[in-house]
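# Analysis of the macromolecular model
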Amino acid sequence: MSDEWLVIYRGYSDVDLASEVTWLRTQVRNPFTAQTEGSRSVQRSTAEMRDRLAAATQVQNERGGADNGARHMIPDFSGFQP
């Protein structure tokens, strides 16, 4: 993961960071990596998108604003009978 993206995403507000993570997740899932329109051609790197997503989610975790609360759950085994 790039330290540059960590620095960039640390400057984002919580709302902007959440929006960026959502956008990056859709980009990572998108199977298309290139697009051509007329004489213009655009290509994106899936490795860069994954790198950015990793950096953005790390910043969210540092702030405690990640949407994966499952890491903080405490299992309840009170109803378990062996």
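Above this text is the structure in question.
Definitions and limits used
- Residues numbered from 1 in each chain as written.
- Predicted model: local features only at pLDDT ≥ 70, side-chain atom pairs only at ≥ 80, totals over all residues.
- Heavy atoms only, no water.
- Phe/Tyr/Trp six-rings, centres within 6.5 Å; stacked < 30°, edge-to-face > 60°.
- Helix = DSSP H or I, 4+ residues; strand = E, 2+ residues; numbered from the N terminus.
- Buried < 20%, exposed > 50% of the residue type's maximum accessible area, 1.4 Å probe, protein only.

## Regarding the packing of aromatic side chains
Going through the model one piece at a time under the given rule, you end up with 2 aromatic pairs. Taking the centre distance of 5.4 Å and the plane angle of 25 degrees together, the rings of W5 and Y9 count as stacked. Separated by 4 residues within a single helix, W5 and Y9 lie in helix α1 (residues 3–10), roughly one turn from each other. An angle of 80 degrees between the planes, with centres 5.1 Å apart, marks the rings of Y9 and Y12 as edge-to-face. Residue classification places Y12 among the partly exposed residues on the basis of a relative accessible area of 28%.

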